[in-house]
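# Descriptive structure summary
Here is what each chain is made of, one letter per residue.
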Amino acid sequence: MRGRYALSGTVMALAVGGCMSTADESPAAGTGPIVPAAFERERLIGRWGVASFHDEKDRRRTESEARAQCGQAYAITKGPTDGVMMHVADDPKRYELRLKGNAAGRTYLGFEAPPGHPQDREILSSTADLMTMRFVDPDANRRYGTFVYVRCRA
């Protein structure tokens with residue numbers, strides 16, 4: 001009987017601990033109204049070569065590496081509603097993500113949540129043929145770096 005109470009105490013401690021914030025969390029993250037994104041979702045749809053870097057000095061080389069990945073292109077497709085289908089950090093399943101902007105003019109890609117939510121990606125730059133984005137979550141950003149997407153031609 002004593003073991004069951006100890007297990008219950010552990011589960012309760014984990015549940016309460018999960019509700020607490022840490023010093024690494026930004027109180028402003030994921031707050032504010034959603035405004036229209038700087039561009040339409042159609043810009044994201046297509047086949048992309050993808051690579052990532054952690055140091056800005058590696059950006060140009062990473063663009064070349066992304067271009068070389070077009071033989072195994074990553075497909076971003078239309079979602080069933082207004083979003084695009086993509087993977088999220090640490091999950092092999094594809095989800096519908098939406099573009100959303102914030103009052104500061106930044107563009108994010110993520111779930112139905114305020115812009116800048118920890119599960120979002122911030123789109124740092126975007127043209128018809130080249131995009132860069134990074135995860136808002138500091139841990140995911142540290143692990144994955146800044147993504148470079150280069151549009152693949154047929």
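Just above sits the structure.
This text gives an overview of the structure that appears in the document. One numbering rule holds for all chains: residues counted from 1, following each sequence as written. At least 70 in pLDDT is required for a residue's local features to be given in this predicted model, at least 80 for side-chain atom pairs to be given and counted, and no such filter applies to totals for whole chains, interfaces and linings, which use all residues. In computing side-chain properties, one takes all heavy atoms of the structure into account and sets aside hydrogens as well as water.

### Some words on the side chain of Asn102
Helix numbers and strand numbers start at the N terminus; a helix is a DSSP run of H or I with at least 4 residues, a strand a run of E with at least 2. Here Asn102 lies in the loop between β4 (91–101) and β5 (107–110). For this analysis, a polar contact is any N or O atom pair within 3.5 Å, provided that within protein one partner can donate a hydrogen and the other can accept it, and provided that sequence-adjacent residues contribute only side-chain to side-chain pairs. At 3.0 Å, the side chain of Asn102 forms a polar contact with the backbone nitrogen of Arg106. In this structure Asn102 touches Pro33, Val35, Tyr108 and Pro115, once residues within four positions along its chain are discounted. In what follows, residue pairs with any heavy atoms lying within 4.5 Å of each other are defined as contacts.

### Quick notes on the side chain of Glu63
Relative to the helices and strands, Glu63 resides in helix α2 (residues 59–68). By relative accessible area, which is 13% here, Glu63 ends up buried. Discounting chain neighbours no more than four positions away, the residues touching Glu63 are Leu130, Val148 and Val150. For each residue, the accessible area found with a 1.4 Å probe, counting protein chains only, is set against the maximum for its type, and the residue is called buried under 20%, exposed over 50%, and partly exposed in between.

### Remarks on the packing of aromatic side chains
Between the rings of Phe, Tyr and Trp (Trp by its six-membered ring), a pair exists once the centres lie within 6.5 Å; its type follows the angle of the planes, with under 30 degrees stacked, over 60 edge-to-face, and the other angles tilted. Inspection of the entire model under this criterion finds six aromatic pairs. The interplanar angle of 80° and the centroid separation of 5.8 Å between the aromatic rings of Phe135 and Phe147 together place this pair among those described as edge-to-face. Residue Phe135 is located in strand β7 (residues 130–135), and its partner Phe147 is located in strand β8 (residues 146–151); the two are separated by twelve residues in the primary sequence. In terms of burial, Phe135 and Phe147 fall into one category: buried. Taken together, the aromatic side chains of Trp48, Phe135, Tyr144, Phe147 and Tyr149 make up a single cluster linked through ring pairs.

### Thoughts on the state of the cysteines
The disulfide criterion is simple: two cysteine sulfur atoms within 2.5 Å. Scanning the entire structure with this criterion turns up one disulfide. Across the disulfide from Cys70 sits Cys152; the S-S distance is 2.0 Å. Across the disulfide from Cys70 to Cys152, rotation about the S-S bond amounts to roughly -90°, and the bridge is consequently left-handed. Of the two residues, Cys70 is situated in the loop between α2 and β2 (74–78) and Cys152 in the segment after β8; the sequence distance between them amounts to 82 residues. The two residues Cys70 and Cys152 agree in class, both being buried.

Take it as geometry only, folks, not as evidence of what the structure does.
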